[in-house]
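Structural overview for review
One letter stands for each residue in the lines below.
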Amino acid sequence: MNRTTTRWTAVIAGLALVLGTAGCSDTAQDGGAVTLKWQTYSQERLEFYKQAAAEFRKEFPNVTVVPETLTEDDYKQALPLSFRSKTSADIFVYTFPTAGDYFELSDVLANGWAQPLDSTVLPADFRSRFRDTSNLMEPIYGNNGKIYTVPRPPSTGAIGYGYMYFNKDVIAKAGLAQSIPQTWDEFTAACQAIRDKAGASCFAQPMQGPDEIDRLLIPFMSVNMKGYSPGRPSLSSGLFTQTTDPQFVAGIRYLRSLYEAKFAFPGRYDKTAARQAVANGQAAFYFDGGWMSSVFLGTFKFTNFGVALPPAKSASAPGGYLGRIGQGPPLPETFISAQSKHPKEATQFLEWMTRPDGWYTQHFHENGFDILPWADPAKVANWLPADNPTRDLLPLDPKVHVLAPQPALKCPDLAKSEALTKVDSIQENWVASTIGQYLTNGGDWVGMAKPIEDKQNQVFQDALKAETGKGLKVSASCFAEPSWDGLTAFAYAAK
């Protein structure tokens, strides 16, 4: 055996030990007793998972669930190796498909990693317990009438992008405590009052990394134009036309007026500095996602903050919104290994875990981890810790977020397309860096944006044409949903 072979044998043996020496539980049966290995990379939740496993055993005394966690990087390397060495866990998570979101099931089926849930132990209403999934529609959650996965908490929703945070002390000094701005004119007037009365900057937003400007653009632009999706083709045209869309142009020019008036916290800084400026009272507002409810508390020990909706162009929000922040169905996440010898018991655990009023659901929220896609929104607030600011996000969520069309679900062959990748590779962060330049220095926005769009569309259409010639069913129309109003939930067809 050569030195290279010896080294790889050691690596495989070491990872198998990390994954669990028994792998899928083929030796854990004794008078009906079953042991299931459940593996994730959420290390901060390991103690909770152990509690859940103990609670599950009270109802299913013959089944022992053993949760295991790795760091995310280690997990990504270990997972495929565990299948090759036939030591995979009975229940595993998969959230990093190479083709992009909503191709998780395609990936695991192509790899031969998953088997369907055992329908004989599922209640009749199992499919309907998952919001915004069209009863676990195919091809996201199932194949040929069989359910293969349960979804994870959505990446948007209450914990996603969409909010305007503010320092309550600064707002009070400016005389705005009872009148958080809801329109562009109100926001401009508030900025002036904050500078004149509170001696602070109106807002702080990072632009040190070109893509950091999305922390401002996603909340602001999504509610001020129809179907905004950063860095992607327009839902109106299916081509790269968003940045010259009249609604976007109006929005970016308004934002430029704020920078021109020097209402922004000065300098070129990262997200940490922007957040610190608000926590310190040097700036009043900060735009970002729902995660800031815990970040302000945990990282900056800042508690005196509030959260509101982004301003609309004219009428009071949300009635004056032209669009909302689009989100897709909850992403698939948890699967039963094709190598597991206990799919029935693994299914029983997944069914128990996803009961809308069950122990797992209630205590998951009591720990403040996230908002589960099978929980009753009306009850979540009752379960969240009393001091958890996520409570403040729950009533805002449906006013700022909406279920939106997803090209990947319309055209599954996009899993094999490289058209968007080729557009992204023209110049890294081209659009974001140009927006940052415009906000800082001004200029003719349409004149700056049009040449970028022209180049993007040339590369995009050439790539799609070449892929169509090779038999892929892809086109610009995959990305177009011109009839969608940007405000009401998109109706996905259930299969």
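Scoring rules and cut-offs
Residues numbered from 1 in each chain as written. Predicted model: local features only at pLDDT ≥ 70, side-chain atom pairs only at ≥ 80, totals over all residues. Heavy atoms only, no water. pLDDT = per-residue confidence, 0-100. Contact = heavy atoms within 4.5 Å. Helix = DSSP H or I, 4+ residues; strand = E, 2+ residues; numbered from the N terminus. Buried < 20%, exposed > 50% of the residue type's maximum accessible area, 1.4 Å probe, protein only. Polar contact = N/O pair within 3.5 Å; in protein donor to acceptor, adjacent residues only side chain to side chain. Disulfide = S-S within 2.5 Å. Core = buried A, V, L, I, M, F, W, Y, C linked by side-chain atoms within 4.5 Å. Salt bridge = Lys/Arg side-chain N within 4 Å of Asp/Glu carboxyl O. Pairing = 2+ DSSP bridges. Axes fitted to C-alpha atoms, helices over the stretch in contact; angles between N-to-C directions. Phe/Tyr/Trp six-rings, centres within 6.5 Å; stacked < 30°, edge-to-face > 60°.

**Observations regarding the confidence of the model for the protein chain**
Scored by pLDDT, the protein chain comes out at a mean of 90, with 93% of its residues at no less than 70. Low pLDDT (under 50) marks residues 1–23, which in the prediction has 23 contacts with non-local residues, meaning those over four places away or in another chain.

**Here's the deal with the environment of Thr-354**
For Thr-354, the location among the structural elements is in the loop between α11 (343–353) and α12 (359–366). Judged by its relative accessible area of 0%, Thr-354 is buried. Separated by 139 residues in the primary sequence, Thr-354 and Arg-215 have C-alpha atoms spaced 32 Å apart. With residues near it in sequence (within four places) discarded, Thr-354 still touches Phe-126, Arg-129, Phe-130, Val-150, Thr-361 and Trp-374. A distance of 2.9 Å separates a polar atom in the side chain of Thr-354 from the backbone oxygen of Leu-350.

**Observations regarding the state of the cysteines**
Going through the model one piece at a time under the given rule, you end up with two disulfides. Put simply, Cys-191 and Cys-202 are joined by a disulfide, and their sulfur atoms are 2.1 Å apart. Disulfide Cys-191-Cys-202: the torsion about the S-S bond is -60°, which places it as left-handed. Of the two residues, Cys-191 is situated in helix α6 (residues 184–198) and Cys-202 in strand β9 (residues 201–203); the sequence distance between them amounts to eleven residues. By relative accessible area, which is 0% here, Cys-191 ends up buried. Put simply, Cys-411 and Cys-478 are joined by a disulfide, and their sulfur atoms are 2.1 Å apart. With the S-S dihedral at roughly -100°, the linkage between Cys-411 and Cys-478 falls on the left-handed side. Remark: Cys-478 occurs in the segment after α19 (445–469) and Cys-411 occurs in the loop between α16 (407–410) and α17 (419–424); sequence separation between them is 67 residues. For the protein chain, numbering the cysteines in disulfides from first to last along the sequence yields the connectivity 1-2, 3-4.

**What to know about the nonpolar core**
Counting 91 residues, the largest nonpolar core has Phe-296, Phe-349, Trp-352, Met-353, Tyr-360 and Phe-460 as the members making the most contacts within it. Apart from residues lying up to four places away in sequence, Trp-352 is in contact with Ala-52, Glu-55, Phe-56, Glu-59, Phe-60, Trp-359 and Tyr-360. Among the nonpolar cores identified, the runner-up in size contains 44 residues, and Ala-200, Met-221, Phe-248 and Ile-435 belong to it.

**A look at the environment of Ser-119**
Its location among the elements puts Ser-119 in the loop between β4 (114–115) and β5 (142–143). A relative accessible area of 56% means that Ser-119 is categorised as exposed.

**Here's the deal with the pattern of salt bridges**
Inspection of the entire model under this criterion finds 15 salt bridges. Lys-37 is the salt-bridge partner of Glu-68, the closest N and O atoms lying 3.6 Å from each other. Of this pair, Glu-68 sits in strand β2 (residues 63–69) while Lys-37 sits in strand β1 (residues 34–40), and the two are 31 residues apart along the sequence. A single burial state applies to Glu-68 and to Lys-37, both of which are buried. A salt bridge links Arg-355 to Glu-59; the shortest N-O distance between them is 3.0 Å. One end of the pair, Arg-355, is in the loop between α11 and α12; the other, Glu-59, is in helix α2 (residues 46–59), with 296 residues separating them in the sequence. Through salt bridges with shared partners, one network takes in Glu-59, Arg-129, Glu-351 and Arg-355.

**What about the side chain of Asn-167?**
Mapped onto the secondary structure, Asn-167 falls in strand β8 (residues 161–167). In this structure the side chain of Asn-167 is engaged in a polar contact, spanning 2.9 Å, whose partner is the backbone nitrogen of Asp-169. Setting aside residues up to four positions removed in sequence, Asn-167 forms contacts with Val-278, Ala-279, Gly-281, Ala-283, Ala-284, Phe-302 and Asn-304.

**Digging into the sheet that holds strand β11 (residues 305–308)**
One open sheet accounts for four strands, arranged β9-β10-β8-β11; its pairing is mixed. The sheet terminates laterally at β9 and β11, the two strands that pair on one side only. Pairwise comparison of adjacent strand axes, ignoring direction, gives a mean angle of 25° for this sheet. Each of β8 and β10 (283–289) touches helix α9 (residues 271–279); the most contacted strand, β10, lies at about 135° to it.

**Quick notes on the side chain of Arg-215**
Mapped onto the secondary structure, Arg-215 falls in helix α7 (residues 214–224). A polar contact is formed between the side chain of Arg-215 and the side chain of Asp-288, at a distance of 3.2 Å. Apart from the residues within four sequence positions on either side, Arg-215 is in contact with Tyr-161, Gln-205, Pro-206, Lys-271, Arg-275, Tyr-286, Phe-287, Asp-288 and Trp-291.

**Structural notes on the packing of aromatic side chains**
In the structure shown here, the tally under the stated rule is 48 aromatic pairs. A ring pair is formed by Phe-48 and Phe-364, whose centres lie 6.1 Å apart and whose planes are at 70°; its orientation type is edge-to-face. Within this pair, whereas Phe-48 is found in helix α2, its partner Phe-364 is found in helix α12, the two being separated by 316 residues in sequence. For Phe-48, a relative accessible area of 4% corresponds to the buried category. A centroid spacing of 5.5 Å and a plane angle of 65° characterise the contact between Phe-56 and Trp-352, whose relative ring orientation is edge-to-face. On the criterion of sequence distance, the pair formed by Phe-56 in helix α2 and Trp-352 in helix α11 is long-range, its members being 296 residues apart. The pair formed by Phe-56 and Trp-352 is uniform in burial state, with each residue classed as buried.

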